[in-house]
Amino acid sequence: MFSDCVLLAMLETKDKSIKLRRIAEDRIAQQATNATFSQAVTELTKDRTAVLFDGKYHPQPEDMEYLVIEGYTLPDAIKEAIQNPQGLELYVPEEGKFPPIKALLLGKRETKDGVDLYTVAFQKFKQHQYITAAKHHIFFTGETYVTDTRQGISIARSVDCVYSDGKLVFRSYYYARQIVDLSEYYRIASNQDIQSFVSSPIMFMDNGDEFVVAANSWERRKIAAINDAGTLTRFTAMEIKSKAKKSGVQIRVSGGKMILPTDKTERRVILAFLDEEVYKGPFTEQVFQTNSKKIAHQ
């Protein structure tokens with residue numbers, strides 16, 4: 001898949017901007033890296049079923065599925081780097097320290113019918129992949145170990161997401177979102193959305209105005225999903241309370257309005273219930289909260 005491609009490092013930046021550096025490899029190292037990434041791309045989706053990403057379902061490691069975002073927009077900075085990697089600054093230690101890496105990537109460009117097509121594989125870079133002089137490294141050679149004080153990085157045999165033909169595929173949202181921006185494809189509630197939520201005719205919350213600006217990303221995702229489903233317009237507060245009771249969730253209702261708790265733990269349970277992510281175990285009758293949901297059948 002990858003041949004004569006240049007390994008790039010995507011650096012960590014405070015403003016989340018894309019900053020890329022070129023990793024200069026000798027011929028043998030380059031061939032090994034290209035082969036490692038090519039095999040990893042195949043393994044990412046091998047014998048697995050594609051599932052369109054909707055922000056609600058997150059496959060677990062044991063699930064034989066992977067997620068797909070169609071129509072993903074590859075950032076121009078990455079395209080430009082793949083077109084002209086030699087124009088990038090080299091990735092080298094600075095005063096004995098490595099500039100922090102967010103991800104390693106390998107990409108190629110092909111032109112078909114006058115259209116540029118890109119294939120890019122991303123590997124989330126982890127702390128243990130740095131090889132620094134801060135530790136004493138010994139390597140096995142022949143029958144003995146020898147010391148080596150050189151600095152470097154290690155290349156894992158896996159990739160976390162792949163872009164090709166306008167699609168982004170990945171198995172773990174957790175790692176993919178640390179590499180590329182997925183906010184456009186995973187809607188979170190704006191302040192206006194949250195204000196609409198807490199001001200609903202069937203909802204009440206003390207200090208709701210403070211919650212509008214203080215809500216965290218998980219709460220914003222839940223509220224966006226609840227608003228999109230129209231739950232607060234399709235059911236009355238008493239109907240929701242009744243459904244919640246059957247699931248083992250207690251919701252207070254006063255004057256025809258649900259009381260959204262100011263306590264974070266209590267509020268989390270109710271928001272998860274409203275987004276249909278809370279259920280009662282049929283045997284233990286304990287209340288469980290799931291972090292993922294997928295329609296089993298229709």
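Residues numbered from 1 in each chain as written. Predicted model: local features only at pLDDT ≥ 70, side-chain atom pairs only at ≥ 80, totals over all residues. Heavy atoms only, no water.

(A) Spatial organisation of the pairing of strand S5 (residues 101–112). In the sheet, strand S1 (residues 8–11) pairs with S5 via four bridges, with the strands oriented antiparallel. Among the inter-strand pairings, Ala9 is bridged to a residue of S5, identified as Leu104. Note that S5 and strand S6 (residues 115–124) share ten bridges and pair antiparallel. Looking at S6, one finds that Thr111 is bridged to Asp116. Between S5 and S6, which pair antiparallel one after the other, the connecting turn spans two residues, and Asp113 there sits at a positive phi close to 55°. (Pairing = 2+ DSSP bridges. Helix = DSSP H or I, 4+ residues; strand = E, 2+ residues; numbered from the N terminus.)

(B) Quick peek at the sheet that holds S1. With respect to topology, eight strands assemble into an open sheet ordered S2-S1-S5-S6-S11-S12-S4-S3, the strand pairing being mixed. Edge positions in the sheet fall to strand S2 (20–22) and strand S3 (49–52), since each of these pairs with one other strand and no more. Taking the axes of each pair of neighbouring strands and ignoring which way they run, one obtains an average angle of 25° across the sheet. As defined by bridge partners, S6 adjoins strand S11 (residues 161–164) across four bridges and the pair is classed as antiparallel. In the sheet register, Thr119 faces S11, and the bridge partner there is Ser164. Those strands touched by helix H1 (residues 27–45) are strand S4 (65–70), S5, S6, S11 and strand S12 (167–170), and its axis lies near 85° from that of S5. The strands that helix H2 (residues 76–83) touches are S1, S2, S5 and S6; relative to S6, the one it contacts most, it runs at about 100°. (Axes fitted to C-alpha atoms, helices over the stretch in contact; angles between N-to-C directions. Contact = heavy atoms within 4.5 Å.)

(C) Up close: the pattern of salt bridges. The full count for this structure, using the stated rule, is eleven salt bridges. Where Lys108 meets Glu110, a salt bridge forms, and the shortest distance between an N and an O atom there is 3.9 Å. Overall, the relative accessible area of 44% leaves Glu110 in the partly exposed class. One network of salt bridges, with partners in common, ties together Arg187, Asp193 and Asp228. (Salt bridge = Lys/Arg side-chain N within 4 Å of Asp/Glu carboxyl O. Buried < 20%, exposed > 50% of the residue type's maximum accessible area, 1.4 Å probe, protein only.)

(D) Summary view of the state of the cysteines. Applying the stated criterion across every chain, the model contains zero disulfides. The cysteine Cys5 is free of any disulfide, with Cys161 supplying the nearest cysteine sulfur at 16 Å. For Cys161, a relative accessible area of 0% puts it in the buried group. (Disulfide = S-S within 2.5 Å.)

(E) Looking closely at the sheet that holds strand S14 (residues 253–254). Ordered in space as S13-S15-S14, the three strands form an open sheet in which the pairing is mixed. Bordering the open sheet on either side are strand S13 (203–204) and S14, each of which pairs with just one other strand. Note: S14 against strand S15 (residues 257–259), two bridges, orientation antiparallel. Its bridge partner lying in S15, Val253 is registered against Met258.

(F) Structural detail: the environment of Lys79. Tracing the sequence through the fold places Lys79 in helix H2. In this structure Lys79 comes out as partly exposed when scored by relative accessible area, which is 25%. Sequence separation between Lys79 and Tyr118 is 39 residues, and the spatial gap between their C-alpha atoms is 7.6 Å. Excluding anything up to four places from it in sequence, Lys79 contacts Leu74 and Tyr118.

(G) Spatial organisation of the packing of helix H4 (residues 191–198) against helix H6 (residues 217–229). Put simply, H4 and H6 touch, their axes get as near as 10 Å, and they point 65° apart. Crossing geometry of H4 relative to H6 is assigned as left-handed. For the pair formed by H4 and H6, the contact residues are Asn191, Asp193, Ile194 and Phe197 on the first element and Arg220, Ile223, Ile226 and Asn227 on the second. Classifying every residue of the contact of H4 with H6 gives four nonpolar, two polar and two charged. (Left-handed = near helix turned anticlockwise from the far one by under 90°. Nonpolar A, V, L, I, M, F, W, Y, C, P; charged D, E, K, R; others polar.)

(H) Local environment of a nonpolar patch on the surface. A cluster of nonpolar side chains, contributed by Ile138, Phe140 and Tyr145, occupies part of the molecular surface with about 360 Å² of accessible area. When you line up the elements, Phe140 lands in strand S8 (residues 137–141). Under the relative-accessibility criterion, Phe140 is labelled exposed at 52%. (Patch = residues over 30% accessible without salt bridge, like charges linked within 9 Å, V, L, I, M, F, W, Y side chains within 5 Å. Areas by Shrake-Rupley, 256 points an atom, 1.4 Å probe, with all protein chains shown as cover.)

Geometric descriptors of this kind do not, in isolation, establish any biological role.
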